[in-house]
Amino acid sequence: MKISTRGRYALRFMIDLAQHNTGEFTALKDVSQRQDISIKYLEQITSLLSKFGLLQSVRGPQGGYKLSKLPSEYRVGDILRITEGSLAPIPCLDASETPCPKQPYCHTYSLWQGLDKVISDYLNGITLEDLVNKNTTPESYMYNI
């Protein structure tokens, strides 16, 4: 599985809105400058996120975007599914696909099901608030085994 630029930028955009949440709308140009993402690309992302109700938007000089919910109510998995589509590792696990006729006899199907569950559980277990509050110092990446 590879997450596209659109998915990565959508997460960066949502984190930026959560970090700069004052209750007011945030101008796209401000996020564009802070995140070094073109306004044109952000417009595509915001259109998609707004369509699914993740953002509120207002046009005009005082306009911009803000989160529709609290950062703790956004799951990373939901944001990525909106921007990426299915995150299933193989097509036959995607609910929109027709069932694979070989599934009852496939020796690897359960392997892919397990991987899909691990990916979904992991991404659904992380909220936007978790990402905002994550300590990003180099020490936070050290693990003891």
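Remember, it's a predicted structure, so these values are computed and weren't measured experimentally. (Residues numbered from 1 in each chain as written. Predicted model: local features only at pLDDT ≥ 70, side-chain atom pairs only at ≥ 80, totals over all residues. Heavy atoms only, no water.)

(A) Representation of the overall build of the protein chain. What the protein chain contains, in helices and strands, is 6 helices and 2 strands. Going from the N terminus to the C terminus, the protein chain shows its helices and strands as α-α-α-β-β-α-α-α. Counting every position in the protein chain, which comprises 145 residues, the buried fraction comes to 32%. Taking as baseline every contact in the protein chain between residues at least 6 positions apart, the subset at least 24 positions apart corresponds to 64%. For the protein chain, the exposed surface amounts to about 9700 Å²; the carbon and sulfur share of it is 53%. (Helix = DSSP H or I, 4+ residues; strand = E, 2+ residues; numbered from the N terminus. Buried < 20%, exposed > 50% of the residue type's maximum accessible area, 1.4 Å probe, protein only. Contact = heavy atoms within 4.5 Å. Areas by Shrake-Rupley, 256 points an atom, 1.4 Å probe, with all protein chains shown as cover.)

(B) Region of the structure containing the environment of Ser-57. Structurally, Ser-57 is set in strand β1 (residues 55-58). In this structure Ser-57 comes out as partly exposed when scored by relative accessible area, which is 46%. Each C-alpha atom of the pair Ser-57 and Lys-102 lies 46 Å from the other, and the pair is 45 residues apart in sequence. Excluding residues that lie within four positions of it along the chain, Ser-57 makes contacts with Phe-25, Gly-64 and Tyr-65.

(C) Layout of unusual backbone geometry. The residue Asp-36 is not glycine, and still its phi comes out positive at about 55°. Along the polypeptide, Asp-36 turns up in the loop between α2 (28-35) and α3 (39-51).

(D) Structural detail: the pairing of β1. Where β1 meets strand β2 (residues 64-67), 4 bridges bridge the pair, whose relative direction is antiparallel. Bridge assignment links Leu-55 to a residue of β2, and that residue is Leu-67. Between β1 and the antiparallel strand that follows it, β2, lie 5 residues; Gly-60 among them carries a positive phi value of about 110°. (Pairing = 2+ DSSP bridges.)

(E) Focus on the packing of α2 against α3. For the pair α2 and α3, the least separation of the axes is 10 Å and the interaxial angle reads 115°. α3 is crossed by α2, and the crossing has right-handed handedness. In this structure, α2 uses Leu-28, Lys-29, Val-31 and Ser-32 to contact α3, whose residues at the interface are Ile-39, Leu-42, Glu-43 and Thr-46. Residues of the contact of α2 with α3, tallied by class, amount to 4 nonpolar, 2 polar and 2 charged. (Axes fitted to C-alpha atoms, helices over the stretch in contact; angles between N-to-C directions. Left-handed = near helix turned anticlockwise from the far one by under 90°. Nonpolar A, V, L, I, M, F, W, Y, C, P; charged D, E, K, R; others polar.)

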